[in-house]
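# Coordinate analysis (summary)
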Amino acid sequence: MKSNFILNLTQHLATPEQKAAGVVDTEGEIRQELVKLLTFDSLESTAPEEVARRAKEIAFLATYAVSDGHYDEFGDGSGGDPRFITPDAVMIGGISCLMASLEMELRLLGIQPKYAFSLRRSVEEVMPDGSIQKVGSFKHLGFVESPVLGTRTDWRVEQGCF
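Just so it is clear, the structure is predicted and the values come from calculations on it, not from any experiment. Chains are numbered independently. Their residues run from 1 in the order of the written sequence. Per-residue local features are limited, in this predicted model, to residues with pLDDT of at least 70; the limit for side-chain atom pairs, both in listing and counting, is 80 or more; totals at the level of whole chains, interfaces and linings are taken over all residues. Values reported for side chains reflect all heavy atoms of the structure, with hydrogen atoms and water molecules removed beforehand.

Bringing the layout of surface pockets into the picture now. Using a grid of 1 Å spacing that covers the protein atoms alone, one calls a set of points a cavity when a 1.4 Å probe fits there but cannot get out, and a pocket when the set is open and has protein on both sides within 12 Å along at least five of seven lines; lining residues are those with an atom within 4 Å of a point. Grid points are joined across faces, edges and corners, and a volume is the space filled by probe spheres set on the points. Considering only enclosed or pocket space, the largest pocket measures out at about 410 Å³ in volume. Forming the boundary of the largest pocket are 17 residues, of which His12, Gln18, Ala116, Ser118 and Arg120 lie nearest the centre. Put simply, DSSP marks the helices as runs of H or I at least four residues long and the strands as runs of E at least two long, and each gets a number from the N terminus on. At the level of elements, strand E3 (86-92), strand E4 (112-126) and strand E5 (132-144) are the ones that each hand at least two residues to the lining of the largest pocket. With four residues, the single largest contributor to the lining of the largest pocket is E4.

Right, dumping it as structure tokens:
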């Protein structure tokens, strides 16, 4: 069963603007597992096999990640059982080497990956001791979708690869 919300599959909680646009955060043990899977803390953890494994596990979480509290809110008729609900789309972001594999795994499950598009502002303030404090702010403006991988073949012809 599908529902019309965007599941947050990033390490960061959704901003108020993102929540207003239909983004729902993961919670509890699912959120802890998601953050663990999105955290790459060594070069070895970025080995292709490990990246592919994590992409599959994160995509699976998308089919089982929404807490009971959100089902009535969206009126999806699932009876509160998360096994019967899949988001139409997910918001993704993280280490670059994971994104292509994660997009593919999500699309195989019929879930549209989206990236948050934010206006970023940075202000530097000189502190009394002469040091500089940098403060950043982000304003959510919408979502962007990447093209489906493998749909553009004309570059191969142009580059003489055939």
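Once you've had a look at it, read on.
Axis lines are fitted through C-alpha atoms, for helices just across the contact stretch, and the angle between N-to-C directions can take any value from 0 to 180 degrees. The interhelical angle for the contact between helix H3 (residues 48-62) and helix H5 (residues 96-108), taken along N-to-C directions, is 45 degrees, at an axis separation of 8 Å. Looking at the two axes, H3 sits oblique to H5. Considering the relative orientation of H3 and H5, their crossing is right-handed. For the pair formed by H3 and H5, the contact residues are Val51, Arg54, Ala55, Lys56, Ile58, Ala59 and Ala62 on the first element and Cys97, Leu98, Ser101, Leu102, Glu105 and Leu106 on the second. Just so you know the grouping, Ala, Val, Leu, Ile, Met, Phe, Trp, Tyr, Cys and Pro go in nonpolar, Asp, Glu, Lys and Arg go in charged, and all remaining residues, Gly too, go in polar. Residues of the contact of H3 with H5, tallied by class, amount to nine nonpolar, one polar and three charged. Oblique is the label for any angle not under 35 degrees, not over 145, and not in the 65 to 115 range, which are roughly parallel, roughly antiparallel and roughly perpendicular in turn. Here a crossing is taken to be left-handed if its near helix is turned anticlockwise relative to the far helix by less than a right angle, and right-handed if that turn runs clockwise. We call two residues contacting when some pair of their heavy atoms lies within 4.5 Å.

Another point: a nonpolar patch on the surface. Together, Phe117, Leu119, Leu141 and Val144 give the surface a local cluster of nonpolar side chains, amounting to about 340 Å² of exposed area. Of all elements in the fold, only E4 and E5 reach the threshold of two or more residues within the nonpolar patch. When you line up the elements, Leu141 lands in strand E5. For patch building, the residue pool is restricted to those with more than 30% relative accessible area and no salt bridge; the joining distance is 9 Å between like charges and 5 Å between nonpolar side chains (Val, Leu, Ile, Met, Phe, Trp, Tyr). Values of accessible area rely on a 1.4 Å probe in the Shrake-Rupley scheme; residue burial ignores everything except the protein chains shown. A pairing counts as a salt bridge when a side-chain nitrogen of Lys or Arg comes within 4 Å of a carboxyl oxygen of Asp or Glu.

In this scheme, a residue with accessible area under 20% of its type's maximum is buried, one over 50% is exposed, and one in between is partly exposed, where area comes from a 1.4 Å probe on protein chains only. Within E3, six of the seven residues are buried, which leaves the element mostly enclosed by the surrounding structure. Bridge count for E3 against E4 is three bridges, and the pairing is parallel. Bridge assignment links Val90 to a residue of E4, and that residue is Pro113. A pair of strands is treated as paired once DSSP finds two or more bridges between them.

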